[in-house]
Structures are given as structure tokens and as C-alpha cells.
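A closer look at the structure
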Amino acid sequence: MNDFDNEEQSMRTMRGDTKEGTLGRIDQYDIIRKLGGGGFGVVYLVRDTQSDVEYAIKTLHPLLKSNSEEMENLRSQFKLVSKLNHSHIASAMYLHPVKEVVYANEDVRKELRLSSGDFVMVMKYAPGVTLSQWRKQFPNGIVPVDKAIDICKQVASALNYAHSEKIIHRDIKPSNIMVETREDKSVIARVLDFGLAAEIRSSMSRVSTEKGDTSGTRPYMAPEQWQGKKQGAATDQYALACMFYELVSGAVPFAGAFETGDSVIMTSAVKNELPDSLDELTADQNNAVLKALSKDMKQRFASCSDFIAALNGEKPNSMVSIIASSQEVTVSMPTTKKIICKICKSENDITSLFCEKCGAKIERDDICSKCGAELGEAQMFCRKCGEKTPLCLAEEKAEAERRAHFEEEERKAREKEEAVRQAREKAELERQTREEKERKAQEEAERQAREKVEAKRKRRSALKKLIILCLCIIVPHFVYNHVKKQQLQQELLEICIPELINNMVQILKFLKQISL
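About the criteria used
- Residues numbered from 1 in each chain as written.
- Predicted model: local features only at pLDDT ≥ 70, side-chain atom pairs only at ≥ 80, totals over all residues.
- Heavy atoms only, no water.
- Pairing = 2+ DSSP bridges.
- Helix = DSSP H or I, 4+ residues; strand = E, 2+ residues; numbered from the N terminus.
- Salt bridge = Lys/Arg side-chain N within 4 Å of Asp/Glu carboxyl O.
- Buried < 20%, exposed > 50% of the residue type's maximum accessible area, 1.4 Å probe, protein only.
- Contact = heavy atoms within 4.5 Å.
- Phe/Tyr/Trp six-rings, centres within 6.5 Å; stacked < 30°, edge-to-face > 60°.
- Axes fitted to C-alpha atoms, helices over the stretch in contact; angles between N-to-C directions.
- Parallel < 35°, antiparallel > 145°, perpendicular 65-115°, else oblique.
- Left-handed = near helix turned anticlockwise from the far one by under 90°.
- Nonpolar A, V, L, I, M, F, W, Y, C, P; charged D, E, K, R; others polar.
- pLDDT = per-residue confidence, 0-100.

**Describing the pairing of strand 7 (residues 119-124)**
Sheet topology note: the strand 4 (residues 53-58)/strand 7 ladder contains 4 bridges and is antiparallel. Residue K58 lies in a different strand from strand 7, and its bridge partner there is M121. As defined by bridge partners, strand 5 (residues 92-97) adjoins strand 7 across 5 bridges and the pair is classed as antiparallel. Directly across from A92, in strand 7, lies its bridge partner M123.

**What to know about the pattern of salt bridges**
The tally for this structure, following the rule as stated, stands at 20 salt bridges. Across the pair R47 and D52 runs a salt bridge, and its minimum N-O distance is 3.7 Å. Note on D52: relative accessible area 57%, which makes it exposed. Of the charged contacts, one joins E454 and R457 as a salt bridge, the two residues approaching to 2.5 Å between their closest N and O atoms.

**Regarding the side chain of N176**
Secondary-structure assignment places N176 in the loop between strand 9 (167-168) and strand 10 (177-181). The contact partners of N176, leaving out residues within four places of it in the chain, are H169, D171, R190, V191, L192 and D193.

**Comments concerning the packing of aromatic side chains**
Scanning the model with the defined rule gives 5 aromatic pairs in all. Centroid distance W134 to F138: 5.3 Å. Interplanar angle 70 degrees. Geometry classified as edge-to-face. Across the pair, exposure class does not vary: W134 and F138 are buried alike. Ring centres of W226 and F258 lie 6.3 Å apart, and the angle between their planes is 35 degrees; this geometry places the pair in the tilted category. With a gap of 32 residues between them, W226 in helix 7 (residues 223-226) and F258 in helix 9 (residues 255-260) connect regions that are remote in the sequence. Grouping residues by exposure puts W226 and F258 together as buried.

**Some thoughts on unusual backbone geometry**
Although it is not a glycine, D52 sits at a positive phi angle of roughly 60 degrees. Tracing the sequence through the fold places D52 in the loop between strand 3 (42-48) and strand 4.

**Topic: the packing of helix 11 (residues 283-292) against helix 12 (residues 304-311)**
Across the interface, helix 11 lies against helix 12 with an axial gap of 8 Å and an inter-helix angle of 160 degrees. Classified by the angle between their axes, helix 11 and helix 12 sit roughly antiparallel to one another. Two packed elements cross with a definite hand, and for helix 11 against helix 12 that hand is left-handed. On helix 12, the residues touching Q285, A288, V289 and A292 of helix 11 are F307, A310 and L311. Class assignment of the residues belonging to the contact of helix 11 with helix 12 gives a composition of 6 nonpolar, 1 polar and no charged.

**Some remarks on the confidence of the model for the chain**
Averaged over all residues, the pLDDT of the chain equals 77, while 72% of them reach at least 70. Mean pLDDT in the chain bottoms out at strand 14 (residues 330-331), which sits at 32, and peaks at helix 8 (residues 233-249), which reaches 95. Counted against residues more than four places away or in other chains, residues 1-16, with its pLDDT under 50, gives 17 contacts. Across residues 196-213, where pLDDT falls below 50, the model places 65 contacts with residues more than four positions away in sequence or in other chains.

This is how it looks when you write it as C-alpha cells:
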């Protein structure tokens, strides 16, 4: 499609009606306002007119839309990240194919640049402001340590969950964290932009086998990102530590190097220097930050939550320790916990495979049903036999139900659209039929009026002829007889005839008035 065709398509998409107070419409989504922009495109807040639920829609970069291979890669990545379902993640829901788009003004059209056949990403809407904006409420942007830990703890929870799903983010930074302040003054943090994450193809006990690029934002990039090396869960942990460092101090580690803009100086600082200790933190907290910012991935914490636990002076509390090396994942199972039999509802020891009361096999989420190996809290596959865990099956079921729901909604939308189209066609047919009837009735009325006028004219003409005929026959005969009987002399005739003529003239004038 050439530029002229694109422009024609864009102009066609501007035709249509939009609701008052909106910026346009993308199929069933009313465009409310702009939320921001990202690596792929701009983000707008929209409202689904069918469910009255608000979502965030993100456009794709034009270069990506025009590259079929890149679009296929995006579909593969989107299929991976769309299964993320966590309270601290603004999940990507599905790729929506655009059928019809209407713009309220030219500025929105130029920014979105959507046409029929394009795709947009539909994501859960995360209310609030970015962490970059939220921290400005504090003097010099320095957040109290306890509040900074609370924010980072929520982010760490989201990252741990994503890592258990073999997904890394690669671009953790304040502008990718949305913070919502609730009425009770509590704050909820949600991680954005998992659309740029890549699959960790090997076991989560090792780093990703994918070669990393320099994706990310410079002040938060780990040494392995600067060097283009393999990346893993520890890469996100490094960025999380940089973000915590910035929140409590007001500046990122090695801020002086990044201010130069010199890539050589920046790379050297990240690879070789140690960040300054912070007076705002205790010695143990500074040590925890240094460990999370280690140059070697293997020397960092086993998980992001372990890093937060160290900041709080606690021991690692994760059920599964994810080691950024080729070591096996270790699982610790408490032996005091009880498990309930789903048949007889009796309590059994956590290590029991069969119910001590009814003898039924106990369905457990912590043991593989195929080989009996122990499973981690967030483990999706058995590390011994590769069997799907109950958590994985539950996630797949939830995903299938969600997709079925969206397909049903789309089907209903199509049926509704078809019903509206048929109703419009029926209304148009009725309008045309009504107009045809009115036109025929008007023509009939005009014809009858013409016939009535013509009949009246004919009656007047016949009456005129009849009166003239009467005058021509009766009057001369009357005069002749009258004169003869009276035996008037010639003088009398000379007197009567002018009077008779005058009377006839008056009669003719009367006939003329009738003919008019």
C-alpha cells in the first residue's frame, strides 16, 4: 500500500461519530485520554462500551507493524507474557485486531496512526502515577526508607512471580512502576511493560540461554546488559537495587558517570566501581544493596524477595531459592504443616501420600502426581519428570476460561453489530416504502384537484352556452310577439329596442363574470 492509499485510509477512518468527551473510538473501545508512551508506541486509556470496563491500549511501532517476522516474534512473546496474572503486574491481556477506528481530531490521528488490519495491545489499566512522579511529593525526591522498602517489596513479588513463569522484564525503572495511593493512605505498586520481556528458556536454576542485548535504560542496566551477555532473573534484581538506591538517596548509583553521557565512562563505572554507601541505610542494608549490585550475577541474591528480606533484616523467606547458576533448585518443605483430604476432609501429615483415615490418594500441590518429587511454591513444571504441576494446570484452565470469555464477548459483539446492521436496513426499507406511499398519495391528490378544476370549467362553459342560446331564441320571439300584440307604432319600437339592447349587454357582462 503506497502513501496515498495510507492517507486515504486514514481519512476514511476519521469519518464517523464519537461520544462527547472522548478522543475517538477503536472498535468497541472509546478513547478517553493519553497515558504515556513506551518503546513500542503510545498508550491510551480506553473504555469498553460493552462491559464499561477501562483498559489501557498500546500501539505498535510502525517499523514493527510493517515487519512480518517481527510481528510473529511479538505474537510469540505476547503469548508468553499474556498468562501473567499477579496483583502487582499490569497484565497484557490480548492482541486486538483493529477493524474500525474513528478519531475526534487530527492530533489523535497523527499520534495513533491506526487503520483497519493493525494490532493494538489491550492491557489491564493500572491507576495512579508513575513511581518517578510519586517520589516528587517528598523533599528532593528522597523517599523514607520504610516506604521505599514497601514499594520495592511489591515489585519484587511481581518479579519473582514472572521469573517463576520463565519471564524477565529487562527494563525495571521508576517510569515502569505505577503507584496507586488508596483512601487509607496505603500504596499499591504495579509493574508495567512486560511486553518487552524475554523467555528464560532454560531452567530457572540457571540464567537465560538467550543472548542479551543492551535493552533497558542505562542507569538501571546490569553489567551483563552493558556487555551484551546472557541475562536472567538476577538482571532484574540489579535494576530493582538501582531503583531502591535512587529512592532513598535521590540519585542512581554512579550518577556522576551517567551525567557525562560518555558510554566508555559509564561502562567502566558499572563494570569496575562500587557504589557509595548511603547514610540513610544501616550497615546491613548497605551490604544488602552491594550484594544485589554485584558485578557477577552469581554473587547476587537467589531472588528479588531475598534481597528485600535482607533489607528488612530477615532471613530469606522464599520456599524455592532460585540460584543464578547451573545448580539444582533447592526446596524446603516444613514438616509441621497439615494437608486436608478432599474426600473425607481429615487432616494428614504433609508427607503423606494417602489419607490415614479413608485411604484415598491425597491430591497435593507440593508433590508431583507422576513421580512424587517435591514442588516449589510457584513451580509450573516438575524438575524431575517435566510433568505439569497443579498450579500450571490451574493457570492453563484460568487462561482457557479467560480466552473463552473474550471469544464469547467478541461473538456477542459481532451478533450485536449484525443485529444493528439488519435493524438499520429494515428501517431504511420502511423509510423508502413510506416515502413512496406519500409520493403516490400526493400525485393522486394533485390529479383529483386538476380534474375538479376542469369539471368546474366545463360546467361554466355549458351554462354560458345555454344562456346565450336561450337569449337568442326567446328574447327575439318575446319582443316580436309583444310588439305585434300591442300594435305599436314605429315610434314605440324606437323606444323599446334600445332598452332591450341595454338589458342584453347587462346579461352578457354577467355571463363574462361567470366564465371567469
